[in-house]
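One-letter residues, chain by chain:
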Amino acid sequence: MSLPTSIDVLIVGAGPTGVTLGNLLGRYGVSALIIDKAADVLTHPRAIALDNEALRILQMAGLSEDAFARVAIPCVRMHSPYFGEFAHFKTTGCLDGHPKLVTFFQPELEHALRRQMQAYSQIVLAQQTELVSFSETRSGIDAELKTADGNRHVVNARYLIGADGASSRVRELLELGFQGATYIEDWLIIDASKTAKPMDHIEFICDPKRPTPHMPAPAGRERWEFMLQPGETREQMLQPEKIRQLLTPWAKPDEVSIERSAVYRFHARVVSKFQKGRAFLIGDAAHITPPFVGQGLCAGLRDAANLGWKLAWVIHGRAAPQILDTYDTERRQHAADMIALATLMGKLIMPSNAIKAFFTHGLVRLLRSLPIIGAWIDDLKIKPENRFHDGLLVKGKSTSALVRGSHFPQALLRHADGAYAWSDDALGDHLSLVGFGIDPATLLTADQLARWQAVGGRCFQLCYRGQALCRSVGANVWEDINGEMLPSLAPIGWLAVVRPDHSIITDGPSVDAATLIDASIDLLSAPKTPPTAVTD
Ligand SMILES: Cc1cc2nc3c(=O)[nH]c(=O)nc-3n(C[C@H](O)[C@H](O)[C@H](O)COP(=O)(O)OP(=O)(O)OC[C@H]3O[C@@H](n4cnc5c(N)ncnc54)[C@H](O)[C@@H]3O)c2cc1C
């Protein structure tokens, strides 16, 4: 394969976050080279759970619901040796069009993402190709690669993305600190199937002697995670006889078929900056978390969604390069908050001794007996909201139910031509001025509309189900089929500006239509911070 010498974006690392970003850039019409030093997707037992936000981003990256198998998880049960079930997180149902929690098989997801990326001729994947070094110039990045045949190749890219995992070479070359801690315990991860039917939920056996998370996965798989005890070695724990012995509480040794196993040591670390000059870090290169709340990959997907459209808008000349600074502002705190939650969960799952287990499990049980706090814990309100307070948003509180800096909810819609679509697909790859029961285009002058379209803006009208009047009005009119948006999100006559990653920039009444688009255009064009000085 001949590699390009000049490209918009060079992505180092074709793991799930790098390839998700590749798909998003493909959708937005940006060219990218994705390199990976490995010959194929990694097959170690790693991510198994995804939340509704991650599934929504994969939808944005072009994956249909059947692109990879998933199992919806109705609840997560935490068991204490002293109190029995001491916590119970409810994960039944859907949010924004997706189950709140599913399990899946990571290699299958990665293959699906790579297949989807073939839809874009301008996105090139080069396997067995490694980043050696790079330097930043005034106009881009010159990167030296070592190709599959052992040769050196230099590529010039406008932007460089380090999606190269926990031991990121890009992060190392950027000389950015990776602050946090590494756990002292090792964990054995086993993916296996057994003849008896798997359970339908996730259980955490929080026994200080042997903490054990256990969960079902697609195709009859189950995952067990066993914390190693002092004196146990990796080699001993990976022996098939040892694994079968560990699984005896769930199945007889001859009823188990072991698919894969690995021993890991977990980390809780965040890089000091997600961006340096023209280089950006996403996924495990930027943050690594213990897997106790299943959020490592979810966080990487959020990175890709946040950064992808910003790169595209800058590369297409619709926005100033300074908007790229907001990637760090909008993402780093949330990634750190999620790691803090995982660390807290770790304290419940793996208390270091019986006394700590007794008191922590007892405290959670007590808190759950209190009406408001109990519901807050059970309904997972403890999970940090994916919302930013600084960045590409117009600050201020809305009088509607819309939250600026948070996500525009997803609902099922029907187009004026009768076709059904999820609202994210209907909004598409645009900045959207959404009118609740009103066509926003009718509120703008021709000049304002032209300025809005020049920055990738589009107008979009939502109306009540069965509003025949609306169905004849214009091309971009959609009915809210289950009444999830109108009027619960905002009253008739309200407007919202929604980014391509579905974050809400601003909102207000229809009389403010021009002000709302002007403020949004200003955000895209006005430098918020002085540009980073770069030397040739
Ligand atoms: C036991 C365990 C359980 C987990 N469970 C969950 C879970 O339930 N839910 C969840 O969301 N997350 C979970 N995670 C985390 C999740 O697996 C990771 O966050 C995710 O795989 C990271 O994806 P990535 O694309 O950022 O990095 P990676 O998947 O690590 O990909 C990085 C890629 O970069 C390539 N590369 C590295 N250096 C170079 C170089 N110099 N040049 C070229 N290529 C390079 C590598 O070959 C690799 O393909 C779990 C992790 C573990 C270990």
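Residues numbered from 1 in each chain as written. Predicted model: local features only at pLDDT ≥ 70, side-chain atom pairs only at ≥ 80, totals over all residues. Heavy atoms only, no water.

1. Looking at the overall build of the protein chain
What the protein chain contains, in helices and strands, is 14 helices and 28 strands. Since a compact globule built from 536 residues should have a radius of gyration of about 24 Å, the 24 Å found for the protein chain is in line with a globular shape. Principal-axis analysis of the C-alpha atoms gives the protein chain an extent of 75 × 60 × 40 Å. The long-range share in the protein chain, meaning contacts at least 24 apart out of those at least 6 apart in sequence, stands at 71%. Carbon and sulfur atoms form 55% of the exposed surface of the protein chain, whose accessible area is close to 22100 Å². Across the protein chain, the centroid of the 54 positively charged side chains sits 3 Å from that of the 58 negatively charged ones. (Helix = DSSP H or I, 4+ residues; strand = E, 2+ residues; numbered from the N terminus. Rg over C-alpha atoms; globule rule 2.2 N^0.38 Å. Contact = heavy atoms within 4.5 Å. Areas by Shrake-Rupley, 256 points an atom, 1.4 Å probe, with all protein chains shown as cover. Lys, Arg positive; Asp, Glu negative; His and termini not counted. Charge placed at Lys NZ, Arg CZ, Asp CG, Glu CD.)

2. Brief notes about the nonpolar core
Note on soluble globular proteins: their nonpolar side chains tend to be buried together. In terms of nonpolar packing, the biggest core is built from 124 residues, with Leu-10, Leu-50 and Met-78 touching the most fellow members. Top contributing element to this core by residue count: helix α7 (residues 296-315), with 12 residues. Counting contributing residues, this core receives three or more from each of domain 1 (6-67 + 103-179 + 268-345) and domain 2 (412-525). (Core = buried A, V, L, I, M, F, W, Y, C linked by side-chain atoms within 4.5 Å. Buried < 20%, exposed > 50% of the residue type's maximum accessible area, 1.4 Å probe, protein only. Domains from an automatic or database assignment.)

3. A look at the site of the ligand
Taken together, 33 residues lie around the ligand, and Asp-36, Arg-46, Ala-49, Asp-284 and Leu-297 are the ones closest in. At 2.5 Å from an oxygen atom of the ligand is found a side-chain nitrogen or oxygen belonging to Asp-36. For the ligand, an oxygen atom lies 3.3 Å from a polar atom in the backbone of Ala-47. Bound to the protein, the ligand loses 93% of the 1000 Å² it would expose on its own. Among the secondary structure elements, those contributing two or more residues to the shell around the ligand are α1 (16-27), β2 (32-36), β11 (130-136) and α7. Of the residues forming the shell around the ligand, the biggest block, 3 residues, is contributed by α7. Within the shell around the ligand, the residues separate by chemical class into 15 nonpolar, 10 polar and 8 charged. (Near = heavy atom within 4 Å. Polar contact = N/O pair within 3.5 Å; in protein donor to acceptor, adjacent residues only side chain to side chain. Nonpolar A, V, L, I, M, F, W, Y, C, P; charged D, E, K, R; others polar.)

4. Quick look at the pattern of salt bridges
Under the criterion given, the structure shown has 30 salt bridges. With a shortest N-O distance of 3.0 Å, Arg-302 and Asp-51 are connected by a salt bridge. One end of the pair, Arg-302, is in helix α7; the other, Asp-51, is in strand β3 (residues 49-51), with 251 residues separating them in the sequence. Residue Asp-51 is classed as buried on the basis of its relative accessible area, which comes to 2%. In this structure, Asp-507 and Arg-404 form a salt bridge, with 2.9 Å as the shortest nitrogen-oxygen distance. In this pair, Asp-507 sits in strand β28 (residues 504-509) while Arg-404 sits in the loop between α10 (371-378) and β22 (412-415), placing the two residues 103 residues apart along the sequence. Of the two residues, Asp-507 and Arg-404, both sit in the buried class. (Salt bridge = Lys/Arg side-chain N within 4 Å of Asp/Glu carboxyl O.)

5. Re the packing of α1 against α7
At their nearest, the axes of α1 and α7 sit 9 Å apart, and the two run at 30 degrees to each other. Taken together, α1 and α7 sit at an angle that is classed as roughly parallel. When the axes of α1 and α7 are compared, the crossing they make is right-handed. Of α7, the residues touching α1 (which contributes Pro-16, Thr-17, Thr-20, Leu-21, Leu-24 and Leu-25) are Leu-297, Gly-300, Leu-301, Ala-304, Ala-305, Gly-308 and Leu-311. Among the residues making up the contact of α1 with α7, the classes are represented as 9 nonpolar, 4 polar and no charged. (Axes fitted to C-alpha atoms, helices over the stretch in contact; angles between N-to-C directions. Parallel < 35°, antiparallel > 145°, perpendicular 65-115°, else oblique. Left-handed = near helix turned anticlockwise from the far one by under 90°.)

6. Points about the domain arrangement of the protein chain
Domain boundaries assigned for the protein chain yield domain 1 (6-67 + 103-179 + 268-345) and domain 2 (412-525). Just the C-alpha atoms count here: the centres of domain 1 and domain 2 sit 30 Å apart. Contacts between the two partners involve 15 residues from domain 1 and, on the opposite side, 17 residues from domain 2. Both faces combined, the contact of domain 1 with domain 2 buries some 1400 Å², and carbon together with sulfur accounts for 49% of it. When the buried surface of domain 1 facing domain 2 is broken down by residue, Gln-59, Trp-309 and Trp-313 rank first, second and third, together holding 37% of it. No other element matches α7, which puts 5 residues into the side of domain 1 that touches domain 2. (Buried area = accessible area lost by both parts, 1.4 Å probe.)

7. Some details on the sheet that holds strand β24 (residues 431-436)
Here 7 strands make up an open sheet; going across it, the order is β23-β22-β26-β25-β24-β27-β28 and the pairing mixed. Strands at the two margins of the open sheet, each flanked by one partner only, are β23 (420-422) and β28. In this sheet, adjacent strand axes meet at a mean angle of 30 degrees when their direction is disregarded. Pairing geometry for strand β25 (residues 457-464) and strand β26 (residues 477-480), over 4 bridges, is parallel. Bridge assignment links Leu-462 to a residue of β26, and that residue is Trp-478. Packing of helix α12 (residues 446-454) onto the sheet brings it into contact with β24, β25 and β27 (494-498), and relative to β25 it is tilted by some 105 degrees. (Pairing = 2+ DSSP bridges.)

8. Things to note about the confidence of the model for the protein chain
The predicted coordinates ought not to be read in detail in places where the model reports low pLDDT. Averaged over the protein chain, the pLDDT score is 94; the fraction of residues at 70 or greater is 96%. Confidence drops under a pLDDT of 50 for residues 528-536, and excluding neighbours within four residues, the segment shows 12 contacts in the predicted structure. (pLDDT = per-residue confidence, 0-100.)

9. Remarks on the environment of Lys-356
Checked against the element boundaries, Lys-356 lands in helix α9 (residues 354-368). Judged by relative accessible area, which is 48%, Lys-356 ranks as partly exposed. For the pair Lys-356 and Pro-208, spaced 148 residues apart in the sequence, the C-alpha separation amounts to 8.8 Å. At a separation of 3.3 Å, a polar atom in the side chain of Lys-356 contacts the side chain of Ser-352.

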